[in-house]
Amino acid sequence: MNVKSNNNITINYPGLMTNYKNFPMVPRVIFGQGCFGQLGEILMPKRIHSEAPFIFLVDDVFEGSELVSRIPLIFNDQIIFISADEEPKTDQVDVLVNKIKNDFAELPSGIIGIGGGTLLDLAKAVAIMLTNRGNAYEYQGWDLVKKPSIYHVGIPTISGTGAEVSRTTVLLGPEKKLGINSDYTTFDQVLMDPDLTQGVPKEQWFYTGMDCFIHCIESLNGTFLNAFSQSYGEKSLELCKEVYLGDLTEEDARDKLMMASWHGGMSIAYSQVGVAHAMSYGLSYLLGVRHGIGNCLVFQHLEEFYPEGVELFNEMKEKHNIQLPKGICNELTNNDFDIMINVALSLVPLWENALGSEWRNIINPEKLKSIYQKI
Ligand code: NAD
Ligand code: ZN
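Residues numbered from 1 in each chain as written. Chains lettered and ligands numbered in written order. Predicted model: local features only at pLDDT ≥ 70, side-chain atom pairs only at ≥ 80, totals over all residues. Heavy atoms only, no water.

### Remarks on the overall build of the protein chain
In plain terms, the rule: Here a helix means four or more residues in a row that DSSP labels H or I, a strand means two or more in a row labelled E, and each is numbered from the N terminus. The size measure is the radius of gyration over C-alpha atoms, and the globule rule it meets is 2.2 Å times the number of residues to the 0.38 power. The method behind every accessible area is Shrake-Rupley, applied with a 1.4 Å probe, and residues are considered shielded solely by the protein chains displayed. Counting rule applied: Lys, Arg positive; Asp, Glu negative; His and chain ends not counted. The atom standing in for a charge is NZ when the residue is Lys, CZ when it is Arg, CG when it is Asp and CD when it is Glu.
Counting its regular elements, the protein chain contains 13 helices and eleven strands. In summary, the protein chain has a C-alpha radius of gyration of 21 Å against a globular reference of 21 Å for 375 residues, a match within 12%. Projected onto its principal axes, the C-alpha positions of the protein chain cover 60 × 55 × 40 Å. Of the roughly 16900 Å² that the protein chain leaves accessible, carbon and sulfur atoms contribute 48%. Of the charged side chains in the protein chain, 29 are positive and 46 negative; the average position of the first set lies 4 Å away from that of the second.

What follows is the structure in structure tokens.
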């Protein structure tokens, strides 16, 4: 059997049937309550020289907060506050990259993203686009990035997306919502300080945490499942159950949800997500519904595909007294439904994972419309 190696050279390995992914991991991770205090010493050896600053992209929810006063600024380091009210866009990345290039004569020493998935994804994308020509939308897809990004660090302040560990940065572009999936996307350093998640509002804590839970369910029930993904997915699911159905102290729950997010991200790194994510991308593309809540809105209606997962989801929702909004799709036209359905159906690997190679026999536009109409 011929197999393409990492360098796309075809090698003959008798008996080997699959072209396995050789994916990058975050090379350095620090975890623990209060570890944000070590950021200065972590960054120091990465400073190229005094004219090459660190740029901190920080969720503007932290503007004026104690956290900002603890950011270890020296020389001409810069903080840029960014709203996470909307999901990140390719032209937002381009504007940030132009600003940084205009403000400084040299490339920065690095980009530090502080916030949820929105800020983490922006930090990854900006780090890539500082060394690659053109516009960010040209790199939406798989392995289109040609040059290594600059050093970039992810510091999550809310847990669930797994964006801290993944090799993608999900962006809304002019034509599609799609990640820049590449070996250069993954962070060089991640700092996980569970204390930073203390101020997360309850609803958001639930929605983003359910993103993690849904990653586990979709990975563990997918046809791409393998021992690698399963080991991380099972651990993450166990942690999610402890956090959302157990009796942990708040401190323990923050620690465990942060590790659940990491493990959930590792699980999908070597498998794929499924039906909820495919359909949630449609909602997000047309209506701007944010990722976590979008997944919840879809997932509640997927008992046909994930019966045990939906039952657990309902239990968690009840325990935390979460009311999901209703009637989101009530006013939509046929054309609107078609747009969402096309976005969802274009995500072929997600459907293949969820339902196998014959997924088109199970899923069609009418079926998707009937699910969207319930939301
Ligand atoms: P987010 O970054 O969109 O933030 C959600 C809300 O929580 C915002 O209002 C933000 O200001 C607030 N917030 C964050 N931390 C807070 C804190 N400590 N205290 C108070 N408020 C806080 O949330 P998210 O759910 O983590 O990220 C969603 C984004 O992640 C989407 O854009 C999605 O596409 C992306 N995503 C990326 C990946 C990936 O692998 N790259 C995976 C899943 C999702
Ligand atoms: Zn997700």
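### Topic: the pairing of strand β11 (residues 189-192)
For the record, the criterion: The rule is simple: take the accessible area with a 1.4 Å probe, protein chains only, and divide by the maximum for that residue type; under 20% is buried, over 50% is exposed, in between is partly exposed. For two strands to pair, DSSP has to find at least two bridges joining them.
Side chains Gln189 and Leu191 project from β11 onto one buried face, and the interleaved Val190 and Met192 project onto a second face that is buried too. Bridge analysis of strand β3 (residues 28-31) against β11 gives four bridges, and the strand direction is parallel. Bridge pairing links arginine 28 to glutamine 189 in β11. Looking at chain direction, strand β8 (residues 152-156) and β11 are connected through two bridges and run parallel. Across the sheet, residue glycine 154 finds its bridge partner in β11, namely valine 190.

### With respect to the confidence of the model for the protein chain
Quick note on the threshold: pLDDT: the predictor's confidence for each residue, scored from 0 to 100. Whether two residues touch is decided by their heavy atoms; if any such pair falls within 4.5 Å, the residues are in contact.
Chain-level statistics for the protein chain give a pLDDT mean of 94 and a share of 95% at 70 or above. Residue range residues 1-16 is modelled with pLDDT below 50. Its contacts to residues more than four positions away, or to other chains, number 22 contacts.

### Some remarks on the environment of aspartate 247
By the secondary structure assignment, aspartate 247 is in the loop between α6 (227-245) and α7 (250-269). A relative accessible area of 78% places aspartate 247 in the exposed class. Put simply, aspartate 247 and valine 165 are 82 residues apart on the chain and 27 Å apart in space, counted from C-alpha to C-alpha. With residues near it in sequence (within four places) discarded, aspartate 247 still touches Glu242 and Lys319.

### Quick notes on the domain arrangement of the protein chain
Under the convention used in this document: Where each domain starts and ends comes from a domain assignment, either automatic or drawn from a database. Summed over both partners, the accessible surface that disappears when two parts come together, traced with a 1.4 Å probe, is what is meant by buried area. In the sections that follow, a salt bridge refers to a side-chain nitrogen of Lys or Arg positioned within 4 Å of a carboxyl oxygen of Asp or Glu. Side-chain atoms alone can form a polar contact between residues adjacent in sequence; in general such a contact is a pair of N or O atoms within 3.5 Å, and within protein one must be able to donate a hydrogen while the other accepts it. Think of it as three bins: nonpolar holds Ala, Val, Leu, Ile, Met, Phe, Trp, Tyr, Cys and Pro, charged holds Asp, Glu, Lys and Arg, and polar takes everything else, Gly as well.
Here the domain parsing of the protein chain yields domain 1 (28-197) and domain 2 (202-372). The partner domain 2 presents 22 residues to the 25 residues of domain 1 that form the contact. For the pair domain 1 and domain 2, the summed buried area comes to about 2200 Å², and 63% of that belongs to carbon and sulfur atoms. In terms of surface lost to domain 2, no three residues of domain 1 exceed Ser159, Val165 and Lys177, which account for 25% of the buried area on that side. At the boundary of domain 1 and domain 2, one finds zero salt bridges. Run the count over domain 1 and domain 2 and you get eleven residue pairs in polar contact (both at pLDDT 80 or more). The set of elements that each furnish at least two residues to the side of domain 1 that touches domain 2 consists of β3, β9 (170-172) and β11. Among the residues forming the side of domain 1 that touches domain 2, the class breakdown is twelve nonpolar, six polar and seven charged.

### Considering the coordination of the zinc ion (ligand 2)
Short version of the rule: For Na, K and Ca the donor cut-off is 3.2 Å, while for other metals it is 2.8 Å, and in both cases only N, O and S atoms qualify; water is not among them, so sites may look incomplete.
Each protein donor to the zinc ion (ligand 2) is listed here as Asp211 (OD), His215 (NE2), His277 (NE2) and His291 (NE2); together their distances run 2.1 to 2.2 Å. We note that the donor set of the zinc ion (ligand 2) lies within a single chain, spaced as D-x3-H-x61-H-x13-H. Taken together, the positions of aspartate 211 in helix α5 (residues 202-220) and histidine 277 in helix α8 (residues 275-287) put the pair 66 residues apart, joining distant regions of the chain. Assigned by exposure class, aspartate 211 and histidine 277 land together as buried.

### Quick look at the site of ligand 1
Condition: Near is defined per residue: the residue qualifies when any heavy atom it owns lies within 4 Å of the molecule or strand.
Contacts to ligand 1 come from 28 residues, most closely from Asp59, Gly117, Thr118, Ser166 and Thr208. Interatomic distance of 2.8 Å between a side-chain N/O atom of aspartate 121 and a nitrogen atom of ligand 1. Coverage of ligand 1 by the protein chains reaches 91% of its 870 Å² of free accessible surface. At the level of secondary structure, the elements contributing two or more residues to the shell around ligand 1 comprise α4 (117-129) and α5. At four residues, the largest contribution of residues to the shell around ligand 1 is made by α4. Looking at the shell around ligand 1 residue by residue, the class counts come to ten nonpolar, eleven polar and seven charged. Mapped onto the domain boundaries, the shell around ligand 1 takes at least three residues apiece from domain 1 (28-197) and domain 2 (202-372).

### Re helix α13 (residues 365-374)
Since one α-helical turn is 3.6 residues long, residues separated by three or four positions face the same way. The following threshold applies: What the arc covers is the set of directions going from the helix axis to the C-beta atoms.
Among all positions in α13, only Leu368, Ile371 and Tyr372 are buried. Each buried residue of α13 lies within a common arc of 100 degrees when the element is viewed along its axis, so the set occupies one face. Pointing more than 90 degrees away from the buried face of α13 are the exposed residues Glu366 and Lys374. Taken together, the buried residues of α13 touch α8, α11 (334-345) and α12 (348-355).

### Looking at the sheet that holds strand β4 (residues 54-59)
Heads up, the rule is: Axis lines are fitted to C-alpha atoms, over the contacting stretch for helices. Their N-to-C directions set the angle, which ranges from 0 to 180 degrees.
On the basis of which strands lie adjacent, the open sheet formed by six strands has the order β3-β11-β8-β6-β4-β5 and parallel pairing. A single partner strand is all that each edge strand has here, and the edge strands are β3 and β5 (78-82). Between one strand and the next, the sheet's axes are offset by a mean angle of 15 degrees, whatever the strand orientation. Across the face of the sheet, helix α3 (residues 90-103) comes into contact with β4, β5 and β6 (110-115) while running at roughly 160 degrees to β5. Sheet strands touched by α4: β4, β5, β6 and β8. Its angle to β6, the strand with the most contacts, is close to 170 degrees.

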